[in-house]
Amino acid sequence: MGKLLSRVFGSKNSSQENTNLNNDDSAKLKIPCTKEFPYLPSYHWVQASEFVPATPEQPLGKAKYIVHKSKDTVVYEAYKTILTKDGWEIKEETPVINFIAHKDDHIANISVSIFEEDVLLTVLSK
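First, a word on scope: everything that follows refers to the structure included in this document. (Residues numbered from 1 in each chain as written. Predicted model: local features only at pLDDT ≥ 70, side-chain atom pairs only at ≥ 80, totals over all residues. Heavy atoms only, no water.)

## As for the nonpolar core
Membership of the largest hydrophobic core comes to 21 residues, with the highest contact counts inside it found for Leu 40, Tyr 43, Tyr 79, Leu 83, Ile 110 and Leu 121. Breaking this core down by element, the ones donating at least two residues are β2 (61–67), α3 (72–85), β4 (98–103), β5 (106–115) and β6 (118–125). Here this core gets 5 residues from one element, more than from any other, and that element is α3. Residues within four places of Leu 83 in sequence aside, it is in contact with Leu 40, Pro 41, Trp 88, Phe 99, Ala 101 and Ile 110. (Core = buried A, V, L, I, M, F, W, Y, C linked by side-chain atoms within 4.5 Å. Buried < 20%, exposed > 50% of the residue type's maximum accessible area, 1.4 Å probe, protein only. Helix = DSSP H or I, 4+ residues; strand = E, 2+ residues; numbered from the N terminus. Contact = heavy atoms within 4.5 Å.)

## Let's talk about the pattern of salt bridges
Enumeration according to the criterion identifies 4 salt bridges in this entry. Among the salt bridges present, the one from Glu 117 reaches Lys 69, with a minimum N-O distance of 3.3 Å. Remark: Lys 69 occurs in the loop between β2 and α3 and Glu 117 occurs in the loop between β5 and β6; sequence separation between them is 48 residues. When its relative accessible area of 58% is taken as the criterion, Glu 117 is described as exposed. Here Lys 69 falls in the exposed class, since its relative accessible area comes to 67%. As a salt-bridge pair, Asp 86 and Lys 103 come within 3.2 Å of each other at their nearest N and O atoms. With Asp 86 in the loop between α3 and β3 (89–94) and Lys 103 in strand β4, the pair connects residues that are 17 residues apart, well separated along the chain. (Salt bridge = Lys/Arg side-chain N within 4 Å of Asp/Glu carboxyl O.)

Spelled out as structure tokens, the structure:
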């Protein structure tokens, strides 16, 4: 109870306790996934503008996301970082254009392109 009150109201030792609490919490944080591909981390919670689910004839689902007022290099590098932090391995890449990532039984082909003042992020995945 004392530790709880010191966290709420603060104490001389609370900064050390808060640092430990924040380190423990950040290690447990789960990266949010896309609605379309529940195993694939989201790029900053963007919503799909188009989605075509996988079918027996077309085994990869396809989603398109528009990242407003951004740069292709920023989206490309940031999304690679998000995926690698979640345990995805980058297998092939053409810098600032596309990369292929693998994790467990999943594959994701990520393409980035300039779309007017925005960036179009296209994901093919299973």
